[in-house]
Protein chains: 2
Amino acid sequence: MSAKEIPYKIYLEEKEMPKQWLNIRAFMKNKPAPLLNPGTLEPVTLEEMSVIFCEELAKQELDETTPYIDIPGEILSFYKMYRPSPLVRAYCLEERLQTPAKIYYKFEGNNTSGSHKLNSAIAQAYYAKNQGLKGVTTETGAGQWGTALSMACAYLGLDCRVYMVKVSYEQKPFRREVMRTYGATVTPSPSDSTEVGRKILKEHPGTTGSLGCAISEAVEAAVSSEGYRYVLGSVLSQVLLHQSVIGLETKTALDKYDIQPDIVIGCAGGGSNLGGLIAPFVRDKLLGKADYRLIAVEPASCPSFTRGRYVYDFCDTGMVTPLAKMYTLGAGFIPAPNHAGGLRYHGMSSVLSQLYHDGVMEATSVTQLDVFKAAEEFARIEGILPAPESAHAIKVAIDEALRCKETGEEKTIVFGLTGTGYFDMIAYEKFHDGKMTDYVPSDEDLQKGFDGIPNVNL
Amino acid sequence: MSAKEIPYKIYLEEKEMPKQWLNIRAFMKNKPAPLLNPGTLEPVTLEEMSVIFCEELAKQELDETTPYIDIPGEILSFYKMYRPSPLVRAYCLEERLQTPAKIYYKFEGNNTSGSHKLNSAIAQAYYAKNQGLKGVTTETGAGQWGTALSMACAYLGLDCRVYMVKVSYEQKPFRREVMRTYGATVTPSPSDSTEVGRKILKEHPGTTGSLGCAISEAVEAAVSSEGYRYVLGSVLSQVLLHQSVIGLETKTALDKYDIQPDIVIGCAGGGSNLGGLIAPFVRDKLLGKADYRLIAVEPASCPSFTRGRYVYDFCDTGMVTPLAKMYTLGAGFIPAPNHAGGLRYHGMSSVLSQLYHDGVMEATSVTQLDVFKAAEEFARIEGILPAPESAHAIKVAIDEALRCKETGEEKTIVFGLTGTGYFDMIAYEKFHDGKMTDYVPSDEDLQKGFDGIPNVNL
């Protein structure tokens, strides 16, 4: 099939949409290390987990063996409201770069949450509703996850309480209004509404917050409220499971046109988008069916993969969660205030951490100014104004395409365009006004975070 | 075909996308009255028009006879980047309303401009580029048109100067940054950068501006700059021509599933979305092939159709444009400051004015609080957070669906969901905080606008 027969946007038909999620862990020989109870240092049990999480989600979190899990009908119906998302052939970008590479991106921004986060939000809200709960609590960074969860909860009639990282709450006031439109309550974090929030505020007055802080507060709010559970938008294995719809749709769309990717690229904060996007490619690679370069892109200012340590650490700043073995900068690590947007989590999905450790995937980091430069270039050429998070993947996709231009290789590059930047205009404004700066933490800066890692690593 | 076989979203294939625009005027027995030169009161000539507009666009403006006009290949390529837009079956809304009606909406918000405006922006920028111009000037109200034009100009490498209605410039600061991302210059209007702007500021100090003012400034800026022409996002017949892609895609999608609509609903400010959406339905109605109720929905605070006069009037506040025969509130009419968002133009497309005058279509007006209530309800049920403009159509679609519930009629309702409300969160915030008010101008209020209508009506 000649390239020009491939449409600008490949949309699957409804009947081609995935009906099962893909559980990468089932295909991994080296399973991710189990979550540990920080008190006993024993693997967390289903019972312990079910205090914090909905039971069905706790089961999914612990399930390392079921390769495919049926997507409930009500979730499939909701998916049909905003999915399938298009796999876009970046014809214009290719032409502008004058590259022989073929570039595709899976665009997850065409829903009001503005990102892929809705894929897991509706799943988590569904299981909470199914368990008869009143509501859920959560944290949000850039605000995409909070918006997604608000939408899912509004649809199902669940109460939704969001702790929003303070710097984002202030930089993105309109996100709060979107969440309110969907009926959610939004609190800037750290706040004085929880014990852990008050403690963090006392120890770090004037802190702009972090995902780690917000998680601690949301967990406390859940366990101290009757009929509530905590839900999380990234990092967890259950979230990667739900996000596998991204990769499964991508794979089906590529197969439909006999396209074999060489490189798959995704931005990585906690790993939800990347883990979802690469799921079927990891499966095929582990099964020896195909080979791909799978690349995680993270900000140089929060480099968990590329400069972190692969050890047991807390998932939150307040140290109330189980311990996860992952690439981490230390639960006390808070990115510099000049860092714009998301991807500010100190750790990384334990599934992706294991895959990275085993050499199944690679990782690279990029600096902020390069990211915004790529974002603006992409917007002008391909039309879509990307989220800063997504632009990390754009930057590396462009770099790879330019490398093909040098070598003459006709590689096929697929990247995840996780969302739109409509609520990130303050960051874009800083960039336009020349007020944006780069920040790469020194080894000493990072050492402070490492010093806080609990002394439980065997 | 049973209803359940109709997918949530009908996407056309690329090859099914329209390759020609539809010119409604060619099917009208009573043609819209010609634009007049305000000095001579004679119909404006192509030569006169070409001082303000690109030549090809001036030709399209005057063309009342060609029924279909080929869409140039470069525009078709651009369309493929963000079109076709989905025709969505509102299954969830139908279920929530418990109505036997079948509700569809054509969603034009899935592009960075957030609305249908891009359909005409790329066409106008293309013809400007083709004529060898350096750039274009324009006005923007809510900011959707300015964003759309910025995107089109960035794609083609044209300079773009936008005069933005001051109240929107202040209420929607992030729109400015989106335009800047695409390389445009944005000036709040009225400004002191033009003669007409200085005059308006002197006569109405503290004015929050209007589309009429901004048009005057943009026209002056175009005619006084070498290599520039003026482009307009609504009202003009050329814009309705370009926007016919909305209706043509809608009709093709409906035909594909043998769906016969009973009612087609669109919001109306200057008429670009509505005129585009209903184009093929008007054609078939005028040809006696089918009958439909075609409904324009306008804000009660700016009721050109429902309370305006059908007379010759200036298209702008500064009275520098040709005279158009249209339903108008008077070029001096400025909506009350409590009016949120777009649809604030004093006049109406002369094509739609004639069709309304001839009884081919109807019009109704709705108040602001009802509109935002419908918007929020829709967001929670269907997921998409609509632009306030679009929510005017939602409100009437819901009303019609509830009427079907009373009568038991299984009518098929199609409405235009022109865009998203992501840059309208200040208005939503006012609504949430109970600070939004309704405003319906008194007859005396309107009389002031009518008094300013030039005494040229025969």
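On a predicted model such as this, the values are computed, not experimentally measured, just so you know.

Draft legend 1. View of the overall build of chain A. Counting its secondary structure elements, chain A contains 18 helices and 15 strands. What you see for chain A is a C-alpha radius of gyration of 20 Å, in line with the 23 Å of a compact globule of 458 residues. Projected onto its principal axes, the C-alpha positions of chain A cover 60 × 50 × 45 Å. Expressed as a percentage of its 458 residues, the buried residues of chain A come to 67%. Computed over 46 positive and 56 negative side-chain charges, the separation of the two mean positions in chain A equals 2 Å.

Draft legend 2. How the structure looks around the domain arrangement of chain A. Residue and element names in this part refer to chain A. Looking at the assigned domains, one finds that chain A contains domain 1 (7–17 + 83–114 + 243–446) and domain 2 (20–70 + 117–230). Each of domain 1 and domain 2 was reduced to a C-alpha centroid, and the two centroids are 22 Å apart. Each partner contributes to the interface: domain 1 provides 49 residues, whereas domain 2 provides 46 residues. Taking both partners together, domain 1 and domain 2 bury about 4,000 Å²; carbon and sulfur atoms supply 64% of that area. Looking only at domain 1, the three residues that lose the most surface to domain 2 are S113, R344 and F423, adding up to 17% of its buried area. For the pair domain 1 and domain 2, the interface holds zero salt bridges. Taken together, domain 1 and domain 2 are joined by ten residue pairs in polar contact (both at pLDDT 80 or more). For the side of domain 1 that touches domain 2, the secondary structure elements donating two or more residues are α11 (237–256), α12 (272–286), β12 (309–314), β13 (323–328), α14 (350–357) and α17 (425–432). When residues in the side of domain 1 that touches domain 2 are grouped by element, the largest group, seven residues, is from α12. Along the lines of polarity and charge, the residues of the side of domain 1 that touches domain 2 split into 23 nonpolar, 16 polar and ten charged.

Draft legend 3. Main features of helix α10 (residues 211–223) of chain B. Residue and element names in this part refer to chain B. Between its first and last C-alpha, α10 extends 18 Å over 13 residues, near the 18 Å set by a 1.5 Å rise per residue. Considered for burial, the residues of α10 that qualify are L211, G212, C213, A214, I215, S216, E217, A218, V219, A221 and A222. Here the buried face of α10 lies against α1 (46–52), β6 (135–140), β7 (159–165), β8 (185–189), α9 (195–203) and β9 (228–230). The opening residue of α10 is S210, an N-cap whose side-chain oxygen sits 3.2 Å from the backbone nitrogen of C213.

Draft legend 4. Up close: the relation of the copies chain A and chain B. Between chain A and chain B, which share one sequence, the superposing operator has a rotation angle of 180 degrees and an axial displacement of 0.0 Å; the RMSD is 0.0 Å. Read as a symmetry element, the transformation amounts to a two-fold axis. The C-alpha atom lying nearest the rotation axis in chain A is that of A:N110; the distance is 3.0 Å. When the interface residues of chain A are mapped onto chain B, 100% of them again fall at the interface, so both copies present the same face.

Draft legend 5. Structural context of the layout of surface pockets. The volume enclosed by the largest pocket comes to roughly 650 Å³. Around the largest pocket, the lining is made up of 28 residues, and of these A:Y11, A:E13, B:Y11, B:L12 and B:E13 lie nearest the centre. Mapped by element, the contributors of at least two residues to the lining of the largest pocket are β1 (9–10) of chain A together with β1 (9–10) of chain B. Within the lining of the largest pocket, the residues separate by chemical class into 13 nonpolar, no polar and 15 charged.

Draft legend 6. Representation of helix α5 (residues 118–130) of chain A. Residue and element names in this part refer to chain A. For α5, which comprises 13 residues, the first-to-last C-alpha distance of 18 Å matches the rise-based estimate of 18 Å (1.5 Å per residue) to within 8%. Of all 13 residues in α5, eleven are buried, a share of seventy percent or more. Listed in full, the buried residues belonging to α5 are L118, N119, S120, A121, I122, A123, Q124, A125, Y126, Y127 and A128. Of the surrounding elements, those touching the buried residues of α5 are β2 (20–22), α2 (55–62), α3 (73–82), β6 (135–140), α6 (144–156) and α11. Just past α5, the residue G132 takes up positive phi, approximately 80 degrees.

Draft legend 7. Spatial organisation of the interface of chain A and chain B. Each partner contributes to the interface: chain A provides 43 residues, whereas chain B provides 43 residues. Each partner contributes to the roughly 4,000 Å² buried at the junction of chain A and chain B, and carbon and sulfur atoms together form 59% of this total. Together, A:F174, A:T181 and A:Y422 form the three largest contributors to the area buried by chain A at its contact with chain B, with a combined 17%. Our count for the chain A to chain B interface comes out at four salt bridges. The residue A:R180 makes a salt bridge to B:D433 at a minimum N-O spacing of 2.8 Å. Elements with a contribution of two residues or more to the side of chain A that touches chain B: α3, α4 (91–97), α6, α8 (173–181), α15 (368–382) and α17 of chain A. Considering every element that reaches the side of chain A that touches chain B, the biggest residue donor is α8(A), with six residues.

Draft legend 8. How the structure looks around the packing of α15(A) against helix α16 (residues 388–407) of chain A. Residue and element names in this part refer to chain A. Their axes nearest at 8 Å, the elements α15 and α16 cross at an angle of 85 degrees. Of the possible angle classes, the one that applies to α15 and α16 is roughly perpendicular. Residues D370, V371, F372, A374, A375, E377 and F378 of α15 pack against P388, A391, H392, I394, K395 and I398 of α16. Its residues assigned to classes, the contact of α15 with α16 shows nine nonpolar, one polar and three charged.

Draft legend 9. Main features of the pattern of salt bridges. Scanning the entire structure with this criterion turns up 50 salt bridges over all chains. Of the charged contacts in the structure, one is a salt bridge between A:E16 and A:K256, with a shortest N-O distance of 3.0 Å. Taken together, the positions of A:E16 in the loop between β1 and β2 and A:K256 in helix α11 put the pair 240 residues apart, joining distant regions of the chain. Note that B:E400 and B:R293 form a salt bridge whose closest N and O atoms lie 3.3 Å from each other. Of this pair, B:E400 sits in helix α16 (residues 388–407) while B:R293 sits in strand β11 (residues 293–299), and the two are 107 residues apart along the sequence. Each of A:R176, A:E177, A:R180, B:E429 and B:D433 takes part in salt bridges that share partners, so that together they form one network.

Draft legend 10. Just unusual backbone geometry, in detail. All names here are of chain A. For the peptide bond that leads from S189 to P190, omega is 5 degrees, which places it in the cis range. By the secondary structure assignment, P190 is in the loop between β8 (185–189) and α9 (195–203). Notably, D258 is not glycine yet its phi reads approximately 55 degrees, a positive angle. Relative to the helices and strands, D258 resides in the loop between α11 and β10 (263–267). By relative accessible area, which is 71% here, D258 ends up exposed.

Draft legend 11. Representation of the sheet that holds strand β10 (residues 263–267) of chain B within the structure. Residue and element names in this part refer to chain B. Taken in spatial order, the seven strands make up an open sheet running β1-β4-β5-β15-β10-β11-β14, and their pairing is mixed. Each of the sheet's edge strands pairs with one partner strand only, and the pair in question is β1 and β14 (362–366). Across five bridges, the pairing between β10 and β11 is parallel. Directly across from I263, in β11, lies its bridge partner R293.

Draft legend 12. Highlighting the side chain of B:Q354. All names here are of chain B. Summarising the element assignment, Q354 is placed in helix α14 (residues 350–357). A relative accessible area of 9% places Q354 in the buried class. Discounting residues that sit within four places of it in the chain, Q354 has contacts with M28, N30, K31, P32, A33 and Y310.

Draft legend 13. Examining the packing of aromatic side chains more closely. All names here are of chain A. Under the counting rule described, the total for this entry stands at 39 aromatic pairs over all chains. Seen from their ring centres, Y310 and Y327 are 4.7 Å apart, and the 15 degrees between their planes marks the pair as stacked. In this pair, Y310 sits in strand β12 while Y327 sits in strand β13, placing the two residues 17 residues apart along the sequence. In this pair, the class of Y310 matches that of Y327, namely buried. Grouped by ring-pair contacts, the aromatic residues F78, Y79, Y82 and Y155 constitute a single cluster. Its end group placed over the ring of Y228, R161 keeps NZ or CZ at 4.2 Å from the ring centre.

What counts, and where the lines are drawn
- Residues numbered from 1 in each chain as written.
- Chains lettered and ligands numbered in written order.
- Predicted model: local features only at pLDDT ≥ 70, side-chain atom pairs only at ≥ 80, totals over all residues.
- Heavy atoms only, no water.
- Helix = DSSP H or I, 4+ residues; strand = E, 2+ residues; numbered from the N terminus.
- Rg over C-alpha atoms; globule rule 2.2 N^0.38 Å.
- Buried < 20%, exposed > 50% of the residue type's maximum accessible area, 1.4 Å probe, protein only.
- Lys, Arg positive; Asp, Glu negative; His and termini not counted.
- Charge placed at Lys NZ, Arg CZ, Asp CG, Glu CD.
- Domains from an automatic or database assignment.
- Contact = heavy atoms within 4.5 Å.
- Buried area = accessible area lost by both parts, 1.4 Å probe.
- Salt bridge = Lys/Arg side-chain N within 4 Å of Asp/Glu carboxyl O.
- Polar contact = N/O pair within 3.5 Å; in protein donor to acceptor, adjacent residues only side chain to side chain.
- Nonpolar A, V, L, I, M, F, W, Y, C, P; charged D, E, K, R; others polar.
- Expected span 1.5 Å × (residues − 1).
- Least-squares fit on C-alpha atoms with pLDDT ≥ 70 in both.
- 1 Å grid on protein atoms, 1.4 Å probe; cavity = no way out; pocket = protein on both sides within 12 Å on 5 of 7 lines; lining within 4 Å.
- Points joined across faces, edges and corners; volume = space filled by probe spheres on them.
- Axes fitted to C-alpha atoms, helices over the stretch in contact; angles between N-to-C directions.
- Parallel < 35°, antiparallel > 145°, perpendicular 65-115°, else oblique.
- Pairing = 2+ DSSP bridges.
- Phe/Tyr/Trp six-rings, centres within 6.5 Å; stacked < 30°, edge-to-face > 60°.
- Lys NZ or Arg CZ within 6 Å of the ring centre and 35° of its normal.

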